[in-house]
Amino acid sequence: ARWYEQPRDSRATRVQLASNTPSTLSTPFLLIRHFTIPTPIQTLRLFGKSDEVLLKLMQELGMGQAAEKLKRNPKPVWPSTSRVLVPYDANGARLPAGSTNPRMWLDLRPGQAIKLHPGHNIQGAQQPAYMHIGATKDRKTRDGRVIKACPDGFGIVMDRDEKASCFQLNVEGAVMSLGLWWLDAAMRGAVEVLPVVNRQPAFEA
């Protein structure tokens, strides 16, 4: 069991959710804090298997119909093809509404040459394995090795992994994953920019 000490100016509501197993660790529950003073901060903690807890949360939020649909078919279905027509330009920027410019073919089949969107935030993320991508200067590691800067963010598509629901990419020697859901988002024009485009993209006739 877990105990949470609440601030004196707040009250907590603990909602027990059903579980199919008797284990305490697998029993999900919600801990919701309602502050009596005006504050933008509220805490919601969920414990348990995410699929089970979030389905119950959807029902509480009035999304019961969508929750039942997910129960019947929990695995999302992504486009079976890895080459799709998308309303974006060569740099991955979404075309304006009503644009007459041709749509771009986003081709993520294995072996295709790709590049990252120029606005990527790899340098800002500060992950050591990727710090050479987008860098403008070579850097020296503590053990004396020199890591060559790769400002362009060029790469290739290595594979489409159906089990992991992602594309495996090699970007400047670093392995990255790109979720298959990006195909659907790109086809719908759901995001302003795409993280990855082809180096020499083709466009609809």
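Up top you'll find the structure we're talking about.
Computed from a predicted model, the values in this text were never measured in an experiment.

**Q** So what exactly am I meant to see when it comes to unusual backbone geometry here?
**A** Among all residues except glycine, the phi angle is most often negative; among peptide bonds, the trans geometry is most common. Unusually for a residue other than glycine, serine 165 sits at a positive phi of about 55°. Summarising the element assignment, serine 165 is placed in the loop between β9 (154-161) and β10 (166-171). Backbone geometry places glutamate 172, a non-glycine residue, at a positive phi of 50°. Among the structural elements, glutamate 172 can be located in the loop between β10 and β11 (174-179). Taking the relative accessible area as the measure of exposure, glutamate 172 reaches 23% and is therefore partly exposed.

**Q** Mind showing me how you'd approach the packing of aromatic side chains here?
**A** For any pair of aromatic rings, the description consists of the separation of the ring centres together with the inter-plane angle of the planes. Taken as a whole, this structure holds one aromatic pair when the rule is applied. Between tryptophan 181 and tryptophan 182 the ring centres are 4.5 Å apart and the planes differ by 25°, which places this aromatic pair in the stacked class. Here the basic side chain of arginine 83 rests over the ring of tryptophan 105, its NZ or CZ set 4.1 Å away from the ring centre. When the ring centre of phenylalanine 154 is taken as origin, the NZ or CZ atom of arginine 199, which lies over that ring, is 4.6 Å away.

**Q** Explanation requested: empty space enclosed by the protein in the structure shown.
**A** Which parts of space are left empty comes out when a probe the size of a water molecule is rolled across the atoms. Evaluated as defined, the whole model comprises one cavity of 30 Å³ or more. Space inside the largest cavity adds up to approximately 40 Å³. In this structure, the largest cavity is lined by Leu106, Leu108, Leu178, Trp182, Ala186, Leu194, Pro195 and Val196. Looking at the lining of the largest cavity residue by residue, the classes come out as eight nonpolar, no polar and no charged.

**Q** Would you explain the layout of surface pockets in this entry?
**A** By volume, the largest pocket amounts to about 260 Å³. Taken together, 14 residues make up the lining of the largest pocket; nearest its centre are Leu116, His120, Ile122, Met176 and Ser177. Of all the elements, β11 adds the most residues to the lining of the largest pocket, at three residues. When its residues are assigned to classes, the lining of the largest pocket shows nine nonpolar, five polar and no charged.

So, how was this worked out
Residues numbered from 1 in each chain as written. Predicted model: local features only at pLDDT ≥ 70, side-chain atom pairs only at ≥ 80, totals over all residues. Heavy atoms only, no water. Helix = DSSP H or I, 4+ residues; strand = E, 2+ residues; numbered from the N terminus. Buried < 20%, exposed > 50% of the residue type's maximum accessible area, 1.4 Å probe, protein only. Phe/Tyr/Trp six-rings, centres within 6.5 Å; stacked < 30°, edge-to-face > 60°. Lys NZ or Arg CZ within 6 Å of the ring centre and 35° of its normal. 1 Å grid on protein atoms, 1.4 Å probe; cavity = no way out; pocket = protein on both sides within 12 Å on 5 of 7 lines; lining within 4 Å. Points joined across faces, edges and corners; volume = space filled by probe spheres on them. Nonpolar A, V, L, I, M, F, W, Y, C, P; charged D, E, K, R; others polar.

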